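What follows is the residue order along each chain.
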Amino acid sequence: MAPKDSSSAPHLELGPESPLEVVTRFETEAVPFVAKANVPSIFGKYVVYGFLEKMTGKEHLAIVAGDIDARKRVNVRIHSECWTGDVLGSLKCDCRAQLESALRFVGEHGGIVLYLRQEGRGIGLLNKLKAYALQEQGFDTVEANHELGFADDLRTYESAVEMLRFFGIRKVRLLTNNPRKIHALEGAGIHVQREAHQLASNPYNLKYLKTKANKSGHMLDFKEDPKL
Ligand SMILES: Nc1nc2c(ncn2[C@@H]2O[C@H](COP(=O)(O)OP(=O)(O)OP(=O)(O)O)[C@@H](O)[C@H]2O)c(=O)[nH]1
Ligand SMILES: [Zn+2]
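These numbers come from a predicted model, not from an experiment.

With respect to the environment of E29
Position of E29 among the secondary structure elements: in the loop between α1 (19-26) and β1 (33-41). Taking the C-beta count within 10 Å as the criterion, E29 has 7 such neighbours and is therefore assigned exposed. Expressed as a C-alpha distance, the spacing of E29 and K54, which sit 25 residues apart in the sequence, is 7.9 Å.

Some points on the UniProt feature "binding site: GTP" (unreviewed entry) in the protein
UniProt records the feature "binding site: GTP" (unreviewed entry) for R77, I78, H79, S80, E81, Q98, E119, G120, R121, T141, T176 and K181 in the present numbering. For the annotated residues, spread through 105 residues, the largest C-alpha to C-alpha distance comes to 22.6 Å, inconsistent with a single compact locus. Looking at where E81 falls in the secondary structure, it is placed in the loop between β4 (74-80) and α2 (83-86). Contact partners of E81, with chain neighbours within four places excluded, come to D86, Y115, L116, R117, Q118 and E119. Examined against the element boundaries, R121 turns out to sit in the loop between β5 (111-116) and α4 (125-136).

Parameters at a glance
Residues numbered from 1 in each chain as written. Chains lettered and ligands numbered in written order. Predicted model: local features only at pLDDT ≥ 70, side-chain atom pairs only at ≥ 80, totals over all residues. Helix = DSSP H or I, 4+ residues; strand = E, 2+ residues; numbered from the N terminus. Buried ≥ 20, exposed ≤ 12 C-beta atoms within 10 Å, placed from the backbone. UniProt positions renumbered as here; feature names shortened; annotations may be inferred. Contact = placed C-beta atoms within 7 Å.

Given below as structure tokens:
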């Protein structure tokens, strides 16, 4: 079956696949592709593909650099929205540093940054601010979520999987320290080779990073600065 709007489908080198898989790729109703445009940025030149998660109305983005050859392993970063980090440059987390590093990496080597609109590990920005207020009273990231009645991490990666399928991608070099992202993709049949994605810590995010490592299973290798 032909894509609904063949002019908007990406120009990709695709590997051999069954007609069923082709249909599946273009009939992804849950998170359909909506629009794309060139976006040159201070980090590189990208084509930004927009997708709509119909169930929630969330607008997810695939920030693509270079030509994607879906027969090969593709560099991918899955980034969850963090307004405080991404926009404000907050030092309380490592999000902005990771986003910039990933954008530069794919800008140089080719690949995709999936920008998922699941702020605050899925609790939303206002609840994240409430969690930050609790953290000022001594709670760590996980305890603050629990205090507010949320689980540790509400995020899911089905939309990321659908977006990767849109591009026909089956093998990724995933820039992450988060085992949940790896399990989510592998559970969906995508082969994952992990690329560590750890940036330098600072005095404001050290506790946050240690909580990631100690409570959320993140694969972080701390070289503690004795001055911190
Ligand atoms: N609830 C909550 N969310 C936070 C806090 N600090 C940062 N976040 C959110 O955590 C998410 C970080 O997502 P990612 O950049 O994908 O990072 P990650 O899940 O730690 O995994 P990797 O960076 O891939 O290893 C963003 O949605 C942030 O808004 C916090 O204190 N509480
Ligand atoms: Zn952040």
